[in-house]
Amino acid sequence: MSDERRSISLAGAGKLSGGDYARVSISGAGKVDGDLCAEEIRISGAGKLAGRTEAGQISVSGSGVFDGPVTADEMSVSGAARIEGEAKVKEMKCSGTFRVSGNLLAEYVKVSGHIRVGGNLEAEIFKASGGFDVDGLLSADKIEVHLGGKCEAREIGGESIHVERGNFREKGILLDGLVRMLWRGAAAELTASSIEGDEIELEDTTADVVRGKRVIIGPRCHVKNVEYTETLEVHDDAEVEKQTKV
Amino acid sequence: MDEEQLVAKKEVLQLTGISYGQLYRWKRKGLIPEAWFVRRATFTGQETFFPREKILERIERIKEMKDTHPLDDLADVITQQVNAKLQVSLERIRRLKGVDASVLEACDIDAAPKKTLSIQDALCVGAVSRLKSSARPEELDLVQRTLRARVDGPLLERIPVDRLDLQLLRKRISGGGISAEVSLVIIAPPDSVFDPDVVTVGRVDLRDLLERIKLDVAARSAEPGAGRRASEEES
């Protein structure tokens, strides 16, 4: 741990055979062949990392492809990044597009771009104002979604789950139109097969089943089955096929 | 394998009184294994079920321990396999209740130069400290010899799974005007049955003891900082 680590910068077309570094920066087209361990990794060009990656900080503003599992304290994606494998990132921020083929395990996740997870997305706090697509379970103590695109998860579970329409509309038609165009015209709504939590407040959500302690089904929701233990409020402009107090 | 009895998620919450938030948090912390979440189609749609006995027992144990230990430590204790090469610092063991110089002496542990203990040594210290008020010195010696000689890798792995107690038994045998008392130490499930003349002098729940020892290790390994955090910036 105490030996001095080098910093390296790949500008132009470069190749690196993995190892232990202080700082790795890829600004051209760079490839890392083996496992990489670094305090800081910066990709502003096109980076391809073939092995496992372990880092304090990773930032991708260009395009980054990680062909192995990634562990990091902080990761921010403002360009495009793809991880083939599992990602363990304490603090994840994505304003670009981000794909993880396995699970994404984090403490804090903030998505203003788009995130796609092939496994489960588990965090302590999950905040989204963009879009997401989680094949498995989306779980966090606190889930806060400002719908800014198409949002999907097979299951959602946590302590408090709050979903509301994004505030693009307030900023004018132009921005709203732009957002719609970006997400291929997809409506800003959330779809899930089940949503479970202690405090649930939903808007623009379609779900098969919503289970919770205190539940508010807001405007433009379509829910087949609501099960609640304490309170339930259903907005006039919402559709609930069946509601049961358990 | 045999078809286990399953229990629906909402029934788990009702039976245990925990919230959705807790259930999902504990899953996230690795306290409830992913494999226990069984998805089944029901007439109301997909529902999640759990192996009944396992989940209820696990939740009770988490509830018991969560107030005294951070969740992150609990995961190690409850789920991680026991490493037979685990080393425990003597310093920490000494802070456990009832551990004093006489216990260390009974366990044949040299207090000064040795800084770390093997898992067997740690179990000896724990067991002896719990039994010392009811057992005789030669029985304590038998206890520590049993743990040292019999607790090996396979048995260590069984302890967190099957509950095993170390029991100290006595039996008086008399005949022809002579009577003698025999002491025995066994490691067996708590509901083992003996002949009516056997008296249980004391018992130590080895799983509980091992958890305490592991917690001690977990608490220690959690101390060093996770490295420096570079300052955050966005361009």
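Residues numbered from 1 in each chain as written. Chains lettered and ligands numbered in written order. Predicted model: local features only at pLDDT ≥ 70, side-chain atom pairs only at ≥ 80, totals over all residues.

Asker: Lay out the overall build of chain B in plain terms, naming residues and giving numbers.
Answerer: A count of helical and extended segments in chain B gives ten helices and eight strands. At a minimum sequence separation of 6, the contacts of chain B that also span at least 24 residues come to 72%. (Helix = DSSP H or I, 4+ residues; strand = E, 2+ residues; numbered from the N terminus. Contact = placed C-beta atoms within 7 Å.)

Asker: So, the interface of chain A and chain B: which residues are in play, and what are the values?
Answerer: Counting from both sides, the interface comprises 27 residues of chain A and, opposite them, 16 residues of chain B. Breaking the side of chain A that touches chain B down by element, the ones donating at least two residues are β5 (36–43), β7 (53–60), β9 (70–77), β16 (131–147), β17 (150–165), β18 (189–202), β19 (205–217) and β20 (222–234) of chain A. Residues that form the side of chain A that touches chain B fall into these classes: two nonpolar, twelve polar and 13 charged. (Nonpolar A, V, L, I, M, F, W, Y, C, P; charged D, E, K, R; others polar.)

Asker: Let's hear about the confidence of the model for chain B: which residues, and what values?
Answerer: Residues and elements named next belong to chain B. Of all residues in chain B, 80% attain a pLDDT of 70 or more, and the chain-wide mean is 79. Within the model, the stretch residues 220–235 combines pLDDT values under 50 with 13 contacts to residues more than four positions away or in other chains. Both scores are given for the predicted complex: the pTM is 0.71, the ipTM 0.86. (pLDDT = per-residue confidence, 0-100.)

Asker: Residues and numbers for the sheet that holds strand β6 (residues 165–175) of chain B, please.
Answerer: Residue and element names in this part refer to chain B. One open sheet holds the three strands; their spatial order is β7-β6-β8, and the pairing between them is antiparallel. Both edges of this open sheet fall to β7 (178–188) and β8 (198–205), since each of them pairs with a single strand only. Averaged over all adjacent pairs, the angle separating strand axes in this sheet is 15°, with direction ignored. In this structure, β6 lies alongside β8, joined through seven bridges in antiparallel fashion. Across the sheet, the residue bridging to Gln-167 is Arg-203, located in β8. Those strands touched by helix α7 (residues 119–131) are β6 and β8, and its axis lies near 130° from that of β8. Here helix α8 (residues 137–150) sits on the sheet and contacts β6 and β7; the angle it forms with β7, its principal contact strand, is near 35°. (Pairing = 2+ DSSP bridges. Axes fitted to C-alpha atoms, helices over the stretch in contact; angles between N-to-C directions.)

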